[in-house]
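Structural overview for review
If you want the building blocks of each chain, they are given just below.
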Amino acid sequence: MKKNRVEFSAAVENEMKLQLPALSVNEGMARAAVSAFCAQLNPTALELADIKCAVSEAVTNCIVHAYRDSFGEITINVKLCEGRLIRIEIRDRGCGIENVKEAREPLFTTDAEGERSGMGFTVMESFCDELRVHSRVGKGTSVTLLKRLHK
């Protein structure tokens, strides 16, 4: 079932920005920081778990795919908007994705060794109301997660 498109224009009530090196040890920090910031909206435990899982997947994609064998940073911008809407943007300045539509297909992977499942975008999408991906080869990728909390 297709989800309703979430309105991006809701007024921002609070905002957090975080920049971390794209290291696997920072995935937990990113998840915890975003979760702690979103907690001010008093989400349910399930809503908070959804946010944590989606953020983990997005950050892990940056760590594993964006910089490959080089060093880089991950920028996370969280906006708490009117109507209990949370907008989380996770951005890297890595290699980019050649074909975003193909990359969003379940089980698609560029991992020749078969260690990756190709389910990252599918998982993110399942835990959010909307997922947007913008990427330019050689410039990086921006993943925006939108989640509207219940009242």
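Right above here is the structure, for reference.
Residues numbered from 1 in each chain as written. Predicted model: local features only at pLDDT ≥ 70, side-chain atom pairs only at ≥ 80, totals over all residues. Heavy atoms only, no water.

**Some words on the overall build of the protein**
Rules: Helix and strand definitions follow DSSP, with helices as H or I runs of at least four residues and strands as E runs of at least two, each counted in order from the N terminus. Whether two residues touch is decided by their heavy atoms; if any such pair falls within 4.5 Å, the residues are in contact. Surface exposure here means Shrake-Rupley accessible area, sampled with a 1.4 Å probe, where a residue is shielded only by the protein chains that are shown.
A tally of regular secondary structure across the protein gives 4 helices and 5 strands. Counting from the amino terminus, the protein carries its helices and strands in the arrangement β-α-α-β-β-α-α-β-β. In the protein, of all internal contacts separated by at least 6 residues, the share reaching a separation of at least 24 is 68%. Accessible area of the protein: about 8,700 Å², with a carbon and sulfur share of 50%.

**Concerning helix α1 (residues 27-38)**
To keep it simple, the criterion reads: Expected span of a helix: the number of residues minus one, times 1.5 Å. Throughout, exposure labels follow a simple rule: accessible area from a 1.4 Å probe, protein chains only, divided by the maximum for the residue type, with under 20% read as buried, over 50% as exposed, and the rest as partly exposed.
Compared with the 16 Å implied by 1.5 Å per residue over 12 residues, the 17 Å span of α1 between its first and last C-alpha is a close match. Three or more residues of α1 are buried, namely Glu27, Ala30, Ala33, Val34, Ser35, Phe37 and Cys38. Residues of α1 that are buried sit in contact with β1 (12-21), α2 (45-66), β2 (73-81) and β3 (85-92).

**What about the sheet that holds strand β4 (residues 130-136)?**
What counts is decided by this rule: DSSP calls a pair of strands paired once it identifies at least 2 bridges connecting them. Axes, fitted as lines to C-alpha atoms, cover a helix only where it is in contact. Angles between the N-to-C directions of the axes lie from 0 to 180 degrees.
With respect to topology, 5 strands assemble into an open sheet ordered β1-β2-β3-β5-β4, the strand pairing being antiparallel. This sheet does not close on itself; its edge strands, each paired only once, are β1 and β4. Adjacent strand axes in the sheet meet at a mean angle of 10° when their direction is disregarded. Of the pairings in the sheet, the one linking β3 to strand β5 (residues 140-148) comprises 8 bridges and is antiparallel in character. When the sheet's bridge partners are listed, Glu89 is paired in β5 with Thr144. Those strands touched by α1 are β1, β2 and β3, and its axis lies near 170° from that of β1. In the packing of α2 onto the sheet, the strands contacted are β2, β3 and β5, and the crossing angle to β3 comes to about 10°.

Nothing here speaks to function; it is all geometry.
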